[in-house]
Amino acid sequence: MENIANIAIVTGASSGIGRELVKLIDQEYASLDEIWVVARREERLTELQNEVLVKLVPCGLDLMRVSSYDELREKLDEHKPNVKLLANAAGYGKFGKIGQLSLDDELGMVRLNCEALTAVTSIVLPYIQPGGRIIQIASSAGFAPQPNFGIYAATKAYVISYSRALNEELRDRHIIVTAACPGPVETEFFDVAGESDRSSMIAGLPRTTPEQEARHVLAASRNGKAISTKGPVASGFRFLAKALPVGALLLAMRYLNKMK
Ligand SMILES: NC(=O)c1ccc[n+]([C@@H]2O[C@H](COP(=O)([O-])OP(=O)(O)OC[C@H]3O[C@@H](n4cnc5c(N)ncnc54)[C@H](OP(=O)(O)O)[C@@H]3O)[C@@H](O)[C@H]2O)c1
C-alpha cells in the first residue's frame, strides 16, 4: 500500500512568526513526516533545516505570482499528502495614506494578504482530513479601520471575516480555522512597513516576540479557538473595537495622532 505523508505547510516561513511556527510545529507534532516551507528567500528556508528535526521541503515561491499557485497545486497533486496543519503567515504592510503609497504596494498588500492566502487555502483544503487545522495570521489591525495604515488593516479585516466563515463552513468536516490577531510583534515586518505618523504611534507600543505569538496561536488552534489575541495591546484593541462605535475609535485615533 502507498505511504501517505503527514505534512504541515507554513507560508512566510523564512522570517518572523512563520519561522517560529515551523520550529514549534517540529516540537509539538511528532507524527509529521515533513513541513513544506514557503517563502521567496529559499536560502533561508534551507538554513532553517539546521534548527529542526523534521524534514523541511523548501518551496521558494513568490505568492504574489499566480504561477506559484499552479506550482503548489501540481506539487500537492503529485505527492497527495495528508495536510495536518496549514499556516498562512506570509504577509506585509506599508504605512502611509491611501493614494500616497505606490500602486504596487497598495495592490501588493491585497494580493499577498488576501488573494494569496485565499488561493493557498483553497488549493490545500482538499488535502486536509477531519481533525486537521488551519491557522491564518491576520492582525489586530483588522478589528477596526486604521487611518495611515488603511489598506493593510482592510486586508486583515478580510482575513478575520474570511477565517470565521471558513471555520463555520468546515465545522462538519471537523477542521478548525483560527485567525491570529497579533498586536505589534518584533519582526522584520517593521523594516518593510516603513515610516509614517502611524508607525511612530505604533512604535511606542509594547511588542511581543514572534515565538510568543507562534506558541499562543498553536495553543489557540489546539483549543479550537476561532480568534487568537496575545497580550494587552491586541486584546485591549479587540475589546475597544467591540465596545465602541467605529466613529468614536477613529476620533480617538485622530486625537492620539495629534498629541504625538
Ligand atoms: N510583526 C507585526 O507586528 C505583525 C502584527 C500583526 C500581524 N502580523 C502579520 O504576521 C504575518 C507574519 O509577519 P511577520 O511579522 O512575521 O513579518 P516578517 O518577519 O516580515 O515575515 C513575513 C514573511 O512573509 C513572506 N513573504 C513576504 N512577501 C512574500 C511573497 N510575495 N511571497 C511569499 N512569501 C512572502 C516573507 O518571506 P520572503 O521575504 O522570504 O518571501 C516572510 O517569511 C504577516 O501576515 C503580518 O501581516 C505581523
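Procedures and definitions
Residues numbered from 1 in each chain as written. Predicted model: local features only at pLDDT ≥ 70, side-chain atom pairs only at ≥ 80, totals over all residues. Heavy atoms only, no water. UniProt positions renumbered as here; feature names shortened; annotations may be inferred. Helix = DSSP H or I, 4+ residues; strand = E, 2+ residues; numbered from the N terminus. Buried < 20%, exposed > 50% of the residue type's maximum accessible area, 1.4 Å probe, protein only. Core = buried A, V, L, I, M, F, W, Y, C linked by side-chain atoms within 4.5 Å. Contact = heavy atoms within 4.5 Å. Polar contact = N/O pair within 3.5 Å; in protein donor to acceptor, adjacent residues only side chain to side chain. Disulfide = S-S within 2.5 Å. Near = heavy atom within 4 Å. Areas by Shrake-Rupley, 256 points an atom, 1.4 Å probe, with all protein chains shown as cover. Nonpolar A, V, L, I, M, F, W, Y, C, P; charged D, E, K, R; others polar.

Going by what an unreviewed UniProt entry lists, the chain is known as Short-chain dehydrogenase and is assigned to Amphibacillus marinus. You can read under Sequence similarities (unreviewed entry) in the UniProt record for the chain the words "Belongs to the short-chain dehydrogenases/reductases (SDR) family."

**Q** Would you explain unusual backbone geometry in this entry?
**A** Of all residues except glycine, most have a negative phi; of all peptide bonds, most are trans. Even without being glycine, K80 reaches a positive phi, approximately 45 degrees. Here K80 is to be found in the loop between helix 3 (66-79) and strand 4 (82-88). Classification of K80 by relative accessible area gives partly exposed; the value is 46%. One non-glycine residue with positive phi stands out, namely N148, at about 70 degrees.

**Q** I would appreciate a short explanation of the nonpolar core in the present structure.
**A** If you look at soluble globular proteins, the nonpolar side chains tend to sit buried side by side. I9, L76, V83, V124, I128 and I134 are the most contacted members of the largest nonpolar core, which totals 54 residues. The biggest single contributor to this core is helix 4 (residues 103-124), with eight residues. Here I134 is in contact with L85, L86, T121, L125, I128, L166, L170, I175, I176, V177 and T178, once residues within four sequence places are set aside. Counting residues in each nonpolar core, the second largest holds 28 residues, with V10, V22, A89 and V217 among its members.

**Q** Would you explain the environment of K94 in this entry?
**A** Note that K94 resides in the loop between strand 4 and helix 4. Overall, the relative accessible area of 21% leaves K94 in the partly exposed class. Once the C-alpha coordinates of K94 and E43 are considered, the two residues, 51 residues apart in sequence, prove to be 25 Å apart. Those residues in contact with K94 that lie beyond four places of it in its chain are L101, D105, M109, F149, V192 and A193. One polar contact links the side chain of K94 to the main-chain carbonyl oxygen of V192, over a distance of 2.8 Å.

**Q** Can you help me understand the state of the cysteines in this one?
**A** Here is the idea: a disulfide is a covalent bond, and it sits between the sulfur atoms of two cysteines. Counted under the stated rule, the structure contains zero disulfides. Among the cysteines around C181, which has no disulfide bond, C114 carries the closest sulfur, lying 13 Å off.

**Q** Where do I start with the site of the ligand in this structure?
**A** S15, R40, Y152, V185 and T187 are the nearest of the 30 residues found near the ligand. For the ligand, a nitrogen atom lies 2.9 Å from a polar atom in the backbone of L63. K156 places a side-chain nitrogen or oxygen 2.9 Å from an oxygen atom of the ligand. For the ligand, whose free accessible area comes to 880 Å², the fraction covered by protein is 96%. When residues of the shell around the ligand are traced back to their parent elements, those giving at least two are helix 1 (16-28), helix 5 (150-169) and helix 6 (189-193). The class makeup of the residues in the shell around the ligand is 17 nonpolar, eight polar and five charged.

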